[in-house]
Amino acid sequence: MKKLTTCIALAAICSPALGIVTNPDLLACLCDDALTPSVPQGSYCPDGTYCPYKCPGCTNINWTSSSTGYESRIRATCDIYSGNCNKTTEYRCAAGYYGNTLNGNSGCSACPRGGTSPAGSKSITSCYLPNGTSGTDSTGSYVYTSDCYYN
């Protein structure tokens, strides 16, 4: 009695039962998904390649304000070997602040004189007073005609 073997190769089904004899080890491996079930996620194909887990719903969450001067986000990474979604919290200085923070509570300072900076700035040299900023000093009033960066 012949052993019934089926396999999937580039969306074409081959089967000894239908008279098409193909070595399954030579066929491309298609990993499981809703449309083409073949090798299950987390398994190895006959050619030795690995069909990774996909971790549906394992997505990053965008930066949000966590406290004055700080932002945080959830960074999600899929472990393709276990199917676990690993989540870590990242922190950075908010716009208008600069520095380094590991915990979202310390390490960021406001840009001087009401200046601004892009979120995630690490150095005071990222701080600037925007074009059109006005002020006064001992010599009178002034308006910046271009962005003025700190150094």
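About the cut-offs
Residues numbered from 1 in each chain as written. Predicted model: local features only at pLDDT ≥ 70, side-chain atom pairs only at ≥ 80, totals over all residues. Heavy atoms only, no water. Helix = DSSP H or I, 4+ residues; strand = E, 2+ residues; numbered from the N terminus. Buried < 20%, exposed > 50% of the residue type's maximum accessible area, 1.4 Å probe, protein only. Contact = heavy atoms within 4.5 Å. Areas by Shrake-Rupley, 256 points an atom, 1.4 Å probe, with all protein chains shown as cover. Pairing = 2+ DSSP bridges. Phe/Tyr/Trp six-rings, centres within 6.5 Å; stacked < 30°, edge-to-face > 60°. Axes fitted to C-alpha atoms, helices over the stretch in contact; angles between N-to-C directions. Core = buried A, V, L, I, M, F, W, Y, C linked by side-chain atoms within 4.5 Å.

Asks: Could you clarify how one ought to interpret the overall build of the protein chain in this entry?
Replies: Check the secondary structure of the protein chain and you find 0 helices and 13 strands. Order of helices (α) and strands (β) in the protein chain, N terminus to C terminus: β-β-β-β-β-β-β-β-β-β-β-β-β. Out of the 151 residues belonging to the protein chain, those deemed buried represent 23%. The long-range share in the protein chain, meaning contacts at least 24 apart out of those at least 6 apart in sequence, stands at 23%. Of the roughly 10,000 Å² of accessible surface on the protein chain, 54% is carried by carbon and sulfur atoms.

Asks: Can you walk me through unusual backbone geometry in this structure?
Replies: Phi is mostly negative for residues that are not glycine, and the peptide bonds are mostly trans. Located in the positive-phi region is Cys 55, a residue other than glycine, with phi close to 50°. One can find Cys 55 in the loop between strand 4 (50–51) and strand 5 (64–67). We note that Arg 113 has phi near 55°; this positive angle belongs to a residue other than glycine. In this fold, Arg 113 is placed in the loop between strand 9 (108–110) and strand 10 (128–129).

Asks: Got a minute to help me understand the pairing of strand 12 (residues 140–143) in this structure?
Replies: Looking along a regular strand, one sees the side chains alternate between the two faces of the sheet. One ladder, built from 4 bridges, connects strand 11 (residues 134–137) with strand 12; its direction is antiparallel. Bridge pairing links Thr 136 to Ser 141 in strand 12. Count of turn residues in the strand 11/strand 12 antiparallel hairpin: 2 residues.

Asks: How should I be thinking about the packing of aromatic side chains in this particular structure?
Replies: Inspection of the entire model under this criterion finds 2 aromatic pairs. Between Tyr 128 and Tyr 149, the ring centres sit 4.9 Å apart and the planes meet at 35°, which makes this aromatic pair tilted. With Tyr 128 in strand 10 and Tyr 149 in strand 13 (residues 148–149), this residue pair connects regions lying 21 residues apart in the sequence. Residue Tyr 128 is classed as buried on the basis of its relative accessible area of 18%. A centroid spacing of 5.5 Å and a plane angle of 70° characterise the contact between Tyr 142 and Tyr 144, whose relative ring orientation is edge-to-face.

Asks: Would you explain the pairing of strand 7 (residues 85–93) in this entry?
Replies: As paired elements, strand 6 (residues 70–78) and strand 7 share 9 bridges and run antiparallel to each other. Looking at strand 7, one finds that Arg 73 is bridged to Glu 90. Counting the residues that bridge the hairpin from strand 6 to strand 7 gives 6 residues, and of these Gly 83 lies at a positive phi of roughly 85°.

Asks: Explanation requested: the sheet that holds strand 7 in the structure shown.
Replies: Strands in a sheet are paired, the pairing made by backbone hydrogen bonds, and the direction either parallel or antiparallel. Spatial ordering of the open sheet is given by 5-6-7, a layout of 3 strands whose pairing is antiparallel. Strands at the two margins of the open sheet, each flanked by one partner only, are strand 5 and strand 7. Neighbour-to-neighbour, the strand axes of this sheet turn through a mean angle of 40°, independent of strand direction.

Asks: Can you walk me through the nonpolar core in this structure?
Replies: If you look at soluble globular proteins, the nonpolar side chains tend to sit buried side by side. Listed in full, the 6 residues of the largest apolar core are Tyr 98, Cys 111, Cys 127, Leu 129, Tyr 144 and Tyr 150. For Tyr 144, the residues in contact, after removing those within four places along its chain, are Arg 113, Leu 129, Pro 130, Asn 131, Gly 132 and Thr 133.

That is the geometry; function is a separate question.
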